[in-house]
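Chain and residue survey
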Amino acid sequence: MGKVIALANQKGGVGKTTTTINLGAALAEQGRQVLLVDMDPQGALSVGLGLNPLALERTVYNLLMDPKADAGESIERTKQEGLDLLPSNIDLAAAEVLLVGEVAREQALARVLRVLRKRYDYVLIDCPPSLGLLTVNALTAADGVLVPLECEYFALRGMALLMDTIEKVRERLNPDLEIVGILATMYDSRTVHGREVLGRVEDAFGGRVFRTVIAKTIRFAEAPVAGESILTYAGSSAGAVAYRELAKEVLAS
């Protein structure tokens, strides 16, 4: 059974999608079979891997709403060997409303992944920037949570709410849920503010913080335009090296 990791943070723009793509690519580069799951109705993960969400006929939405749907028909191959994608588009926004009236509504994604996780070594779920039902579904389906945290004061302030949500899911829905680690992203070592926030994160969360720190680089903005990860777009860049190091930490965890 593959390990399922949800990448969650209710604050947008902290690097969830970037980390999902590039950590997945780095794990695939290490010979693992990896499935990326786009649980954000904005479909940023799908766009970042070169797909047009509006042109997709079958997405994760179909699997969540129809228990009889064939998951294999919704999975898309990416440009990188060993890296597959379960895409989404704006249809997924309706799922948050429609699932409310369903029995076991928090476990819809877990049902979808029950079969798929047998085919992959790792399943990485890109959560939407909220703590709504889609994110709760991801946390319920996951073995662990990886929290990308921007090295900025306001991003740090929201961590208490996220940790509270994780704890509630652990108590009520998924007692095996663990925190895989907290990943400092968008770090700028040239600023006092960036260094101070990183220090606060390390003080607050100690051993839960990954040694790898993801620094700011324009390559992260350029790679999605090409529809690929930074590992294939700029394989020798500092960003690519950092995600390879993160993959080693995840594999060792």
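See the structure printed just above.
Attention in this report is confined to the structure presented alongside it.

1. Some points on unusual backbone geometry
Within the chain, Met186 stands out as a residue other than glycine whose phi angle is a positive 55 degrees. In this fold, Met186 is placed in strand E7 (residues 178–187). You can call Met186 partly exposed: its relative accessible area is 29%.

2. Focus: the packing of aromatic side chains
Considering all chains together, one arrives at one aromatic pair under this definition. On the numbers, 5.8 Å between centres and 85 degrees between planes, the contact of Phe220 with Tyr243 is edge-to-face. Remark: Tyr243 occurs in helix H12 (residues 238–252) and Phe220 occurs in helix H10 (residues 219–225); sequence separation between them is 23 residues. Here Phe220 and Tyr243 have matching classes, each one buried.

3. What to know about the nonpolar core
Soluble globular proteins tend to pack their nonpolar side chains together in the buried interior. Of all hydrophobic cores here, the largest spans 55 residues; its most connected members are Val37, Leu64, Leu86, Leu109, Leu113, Ile125 and Met159. Apart from residues no more than four positions distant in its own chain, Ile125 is found in contact with Val4, Ile5, Ala6, Leu7, Val37, Met39, Leu109, Leu113 and Ala138.

4. Observations concerning the pairing of strand E2 (residues 34–38)
Within E2, five of the five residues are buried, which leaves it mostly tucked inside the rest of the structure. In E2, alternate side chains face the same way, and those of Val34, Leu36 and Asp38 on one face and Leu35 and Val37 on the other are all buried. Taken together, the four bridges between E2 and strand E4 (residues 83–86) define a ladder with parallel strand orientation. Counted as the bridge partner of Leu36 is Leu85 from E4.

5. Examining the side chain of Thr165
Within the secondary structure, Thr165 sits in helix H8 (residues 159–172). Beyond its immediate chain neighbours, meaning those up to four positions away, Thr165 contacts Leu131 and Leu139.

6. Description of the sheet that holds E7
Reading across the sheet, the eight strands line up as E3-E4-E2-E5-E1-E6-E7-E8 and stay open at both edges, with mixed pairing between neighbours. Every other strand in the sheet has two partners, leaving strand E3 (76–77) and strand E8 (209–215) as the edge strands with one partner each. Bridge count between strand E6 (residues 144–150) and E7: seven bridges; the pairing is parallel. Considered in E7, the bridge of Pro148 is made with Leu183.

7. So, the packing of helix H5 (residues 108–116) against helix H6 (residues 133–141)
In a pair of packed helices, the angle between the axes and the distance between the axes together describe the arrangement. Two numbers describe how H5 lies on H6: the axes approach to 7 Å, and their chain directions differ by 45 degrees. Relative to H6, the element H5 is oriented oblique. H5 and H6 meet at a crossing whose hand is right-handed. Along its contact with H5, which presents Ala108, Leu109, Ala110 and Leu113, the element H6 presents Asn137, Ala138 and Ala141. Residues of the contact of H5 with H6, tallied by class, amount to six nonpolar, one polar and no charged.

8. Examining helix H1 (residues 16–29)
With 14 residues, H1 extends 20 Å from end C-alpha to end C-alpha; this agrees with the ideal 20 Å at 1.5 Å per step. Extensive coverage of H1 is indicated by the burial of twelve of its 14 residues. Backbone geometry just downstream of H1 places Gly31 in the positive-phi region, at approximately 90 degrees.

9. Overview of the pattern of salt bridges
Taken as a whole and judged by the stated rule, the model has eleven salt bridges. Arg77 is the partner of Asp84 in a salt bridge, and the nearest nitrogen-oxygen pair spans 2.8 Å. For Arg77, a relative accessible area of 62% puts it in the exposed group. Salt-bridge contacts for Lys248 lead to Glu245; the nearest nitrogen and oxygen are separated by 3.4 Å. Residue Lys248 and its partner Glu245 are located together in helix H12, separated by three residues, close to a single helical turn.

10. Focus: the side chain of Arg117
Mapped onto the secondary structure, Arg117 falls in the loop between H5 and strand E5 (122–126). In contact with Arg117, not counting residues within four places along its chain, are Met1, Gly2, Val4, Val123, Ala141 and Asp143.

11. Concerning helix H9 (residues 192–205)
For H9, spanning 14 residues, the distance from its first C-alpha to its last is 20 Å, which sits close to the expected 20 Å at 1.5 Å a residue. One or two steps after H9, the chain reaches Gly206, where phi turns positive at roughly 50 degrees.

Criteria and thresholds
- Residues numbered from 1 in each chain as written.
- Predicted model: local features only at pLDDT ≥ 70, side-chain atom pairs only at ≥ 80, totals over all residues.
- Heavy atoms only, no water.
- Helix = DSSP H or I, 4+ residues; strand = E, 2+ residues; numbered from the N terminus.
- Buried < 20%, exposed > 50% of the residue type's maximum accessible area, 1.4 Å probe, protein only.
- Phe/Tyr/Trp six-rings, centres within 6.5 Å; stacked < 30°, edge-to-face > 60°.
- Core = buried A, V, L, I, M, F, W, Y, C linked by side-chain atoms within 4.5 Å.
- Contact = heavy atoms within 4.5 Å.
- Pairing = 2+ DSSP bridges.
- Axes fitted to C-alpha atoms, helices over the stretch in contact; angles between N-to-C directions.
- Parallel < 35°, antiparallel > 145°, perpendicular 65-115°, else oblique.
- Left-handed = near helix turned anticlockwise from the far one by under 90°.
- Nonpolar A, V, L, I, M, F, W, Y, C, P; charged D, E, K, R; others polar.
- Expected span 1.5 Å × (residues − 1).
- Salt bridge = Lys/Arg side-chain N within 4 Å of Asp/Glu carboxyl O.

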